[in-house]
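Per-entry structural report
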Amino acid sequence: MAQEEGKVYVGNLDVSAKKARKVLMGKLRLGKLVDWGTAFSLWPVHLTTSCCGCEFAAAWSPRYDNEQHGALPWVGARQTNMILVEGTVSKKMACAVRVVWEQMPQPKFAIAMGACALDGGIFYNSYNIVRPWEIIPVDIYIPGCPPRPEAVARAIIELQRKIRKEGVAGKFVEEGWRPDKEYVKPKEDVCAWWRG
């Protein structure tokens, strides 16, 4: 019996995978479906450091029911895709914020809530305060001291609009990274005190 000789063509698998993603995301419009699904399945992990935690709890209470907007608070960072920084972030807490941010799967989003999270609030001139935007990229800011539960709902709706309008999640699936999230790298190691 004669054996047939076969040919195997081996190409760059990364290039082939990227072309396949572009075809699926472009022609089949899966990007819009991914964006829609991500926008309505926001699972925030919250970092309560001051009084904004009460407003966060009120936002998901039966009266305001932010779950109707597609956001469900969760406790484990590895199962969430949104972080809500509520209040003042000290230098020691900055390490926890960064660790939680790095544990979250992509695509991920951040909301800074309250005057303390925006610029330190009444602690604006303290030596021990770190602004959240110095350690993680913040998508939406909620002003106020403390902000009302309606403002939290509005921020979630604005984040959903941003995801759908800019195609953030779909672009992440297609490209594998978000260039707009690369600009925030802490200037100093925020966990240096912990590592010794």
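Refer to the structure above for everything that follows.
Presented here is a report on the structure given in the accompanying data block. (Residues numbered from 1 in each chain as written. Predicted model: local features only at pLDDT ≥ 70, side-chain atom pairs only at ≥ 80, totals over all residues. Heavy atoms only, no water.)

The subject of this paragraph is the state of the cysteines. Note on terminology: disulfide describes a covalent bond linking the sulfur atoms of two cysteines. By the definition in use, this model includes zero disulfides. For the unlinked cysteine C116, the closest cysteine sulfur is that of C145, found at 5.7 Å. (Disulfide = S-S within 2.5 Å.)

Across the junction of Q106 and P107, the peptide omega takes the value -15 degrees, indicating a cis bond. Summarising the element assignment, P107 is placed in the loop between helix 4 (91-103) and strand 3 (109-113). Backbone torsion omega between C145 and P146 reads -15 degrees, so that peptide bond is classified as cis. By secondary structure assignment, the location of P146 is in the loop between strand 4 (140-142) and helix 6 (149-166). One non-glycine residue with positive phi stands out, namely D65, at about 50 degrees. With respect to the element layout, D65 can be found in the loop between helix 3 (52-59) and strand 2 (82-86). (Helix = DSSP H or I, 4+ residues; strand = E, 2+ residues; numbered from the N terminus.)

Burial analysis of strand 3 places five of its five residues in the buried class, which makes it a mostly covered element. Alternating residues of strand 3 divide into F109, I111 and M113 and A110 and A112, and every residue in both groups is buried. When strand 2 meets strand 3, the two strands line up parallel, connected through five bridges. Directly across from L84, in strand 3, lies its bridge partner I111. As paired elements, strand 3 and strand 4 share three bridges and run parallel to each other. By the bridge assignment, A112 is partnered in strand 4 with Y141. (Buried < 20%, exposed > 50% of the residue type's maximum accessible area, 1.4 Å probe, protein only. Pairing = 2+ DSSP bridges.)

In this section: helix 4. Taking 1.5 Å as the rise per residue, helix 4 with 13 residues should run 18 Å; its terminal C-alpha atoms sit 19 Å apart, in good agreement. Within the sequence span of helix 4, burial applies to A94, C95, V97, R98, V100 and W101. (Expected span 1.5 Å × (residues − 1).)

Side chains of L30, L33, W36 and F40 sit close together on the surface and give an oily, nonpolar patch of about 400 Å² of accessible area. Tracing the chain through its elements places L30 in helix 2 (residues 30-39). Looking at L30, the relative accessible area reads 31%, which means it is partly exposed. (Patch = residues over 30% accessible without salt bridge, like charges linked within 9 Å, V, L, I, M, F, W, Y side chains within 5 Å. Areas by Shrake-Rupley, 256 points an atom, 1.4 Å probe, with all protein chains shown as cover. Salt bridge = Lys/Arg side-chain N within 4 Å of Asp/Glu carboxyl O.)

Right, let's get into helix 2. Within helix 2, the full set of buried residues consists of G31, D35, T38 and A39. The arc enclosing the buried residues of helix 2, seen along the axis, measures out at 100 degrees, which places them on a common side. Counted as exposed and oriented over 90 degrees from the buried face of helix 2: L33 and W36. (Arc of directions from axis to C-beta.)

The element strand 2 is extensively covered by neighbouring structure, given that five of its five residues are classed as buried. Neither face of strand 2 is exposed, since M82, L84 and E86 on one face and I83 and V85 on the opposite face are all buried. Here strand 1 (residues 44-48) pairs with strand 2 via five bridges, running parallel. By the bridge assignment, L47 is partnered in strand 2 with V85. What joins strand 1 to strand 2 is helix 3, and the crossover it makes is left-handed. Chirality of the crossover, the property in question, places the unit of strand 2, helix 4 and strand 3 among those that are right-handed. (Right-handed = clockwise from strand over helix to strand, strands pointing away.)

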